[in-house]
Amino acid sequence: MIYERTSGVPRFSCHELAAKSSNYCLLIPIINEGERIKRLLLRAQEHDVSSICDIIVCDGDSTDNCADEALLRTLNVNAILIKKDTGKQGAQLRMGLWWAMQRGYTGFITIDGNNKDSIEQVADFIQKLEEGYDFVQGSRYAKGGQAINTPIFRHVAAKYVHAPIISLTAKKRFTDSTNAFRAHSRRYIADPRVSPFREVFQTYELLAYLSVRASQLGLNVCEIPVTRRYPENERTPTKIRFFRGNYLLFKILMTNLRGGYRPK
């Protein structure tokens, strides 16, 4: 099925592989992840993640066959959304969140598709949503979390640049705000003071914005410990180019700090 572009939501195709079976969904944005997404989903299968939430792959129109329907069906993926429009991660997340809202989920967990994160901990995020939290941030730096093989530049940037700026903006201390392993309540995403379905969110803006808006509005926010493991003796899995990408991230942080992404 094709969904045409609407206000704040890109054009995309939807392949429903199974009926809705949970109040919660796990949204996984990917673009040319190769074997990494397969390994991540095999781990999810091993830990029976699909029994507690529906797994939704949000593809950026990959060209490497990593979103192959036959493969993902065997890995217990519930639906595949394929963006057919402009934008990067922010557009993929808008696509996924909008579709999940229409399908009636009450909570949305997100995780990167590059097999760095502890997908077996999805149940911990669902527990926090059921306790009434509106935004749950996974942190490798929280007590009980693990940061394994983190490149030194990423460690310094995440812990001593990104997290302090996000904490200042949010008026709430966060220790690992670059981490996309997090959960959002329906109440948070549906709040008109949040309004995530806007064209301004094209790349990493939406992650930064959703990190801070919940606490700014007085909603219930917390961190939980997770594990983020970078591979040994392999190229770092990332879509961020060193100079241009980090400049863009810093620019986004400053715009967020000034309140530039709040609804007008």
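Residues numbered from 1 in each chain as written. Predicted model: local features only at pLDDT ≥ 70, side-chain atom pairs only at ≥ 80, totals over all residues. Heavy atoms only, no water.

Glancing now at the packing of helix α3 (residues 89-103) against helix α7 (residues 205-216). α7 packs onto α3 with a crossing angle of 60 degrees between their chain directions and a minimal axis gap of 7 Å. Taken together, the axes of α3 and α7 lie oblique to each other. Across from Q89, G90, L93, R94 and L97 in α3, the residues of α7 making contact are L206, L207 and L210. Considering only residue class, the contact of α3 with α7 consists of 5 nonpolar, 2 polar and 1 charged. (Axes fitted to C-alpha atoms, helices over the stretch in contact; angles between N-to-C directions. Helix = DSSP H or I, 4+ residues; strand = E, 2+ residues; numbered from the N terminus. Parallel < 35°, antiparallel > 145°, perpendicular 65-115°, else oblique. Contact = heavy atoms within 4.5 Å. Nonpolar A, V, L, I, M, F, W, Y, C, P; charged D, E, K, R; others polar.)

We now examine helix α4 (residues 122-130). Among the residues making up α4, those that are buried are V122, F125, I126 and L129. Viewed along the axis of α4, the buried residues span an arc of 100 degrees, placing them on a single side of the element. Two residues or fewer past α4, G132 is found with a positive phi of approximately 105 degrees. (Buried < 20%, exposed > 50% of the residue type's maximum accessible area, 1.4 Å probe, protein only. Arc of directions from axis to C-beta.)

This part takes up empty space enclosed by the protein. What the rule picks out here adds up to 1 cavity of 30 Å³ or more. Taken as a whole, the largest cavity holds about 40 Å³ of empty space. What lines the largest cavity is L93, L97, T110, R182, H184, L206, L207 and L210. Taken together, the elements giving at least two residues each to the lining of the largest cavity come down to α3, β9 (182-185) and α7. Ranked by residue count, the leading element in the lining of the largest cavity is α7, at 3 residues. Residue classes in the lining of the largest cavity are distributed as 5 nonpolar, 2 polar and 1 charged. (1 Å grid on protein atoms, 1.4 Å probe; cavity = no way out; pocket = protein on both sides within 12 Å on 5 of 7 lines; lining within 4 Å. Points joined across faces, edges and corners; volume = space filled by probe spheres on them.)

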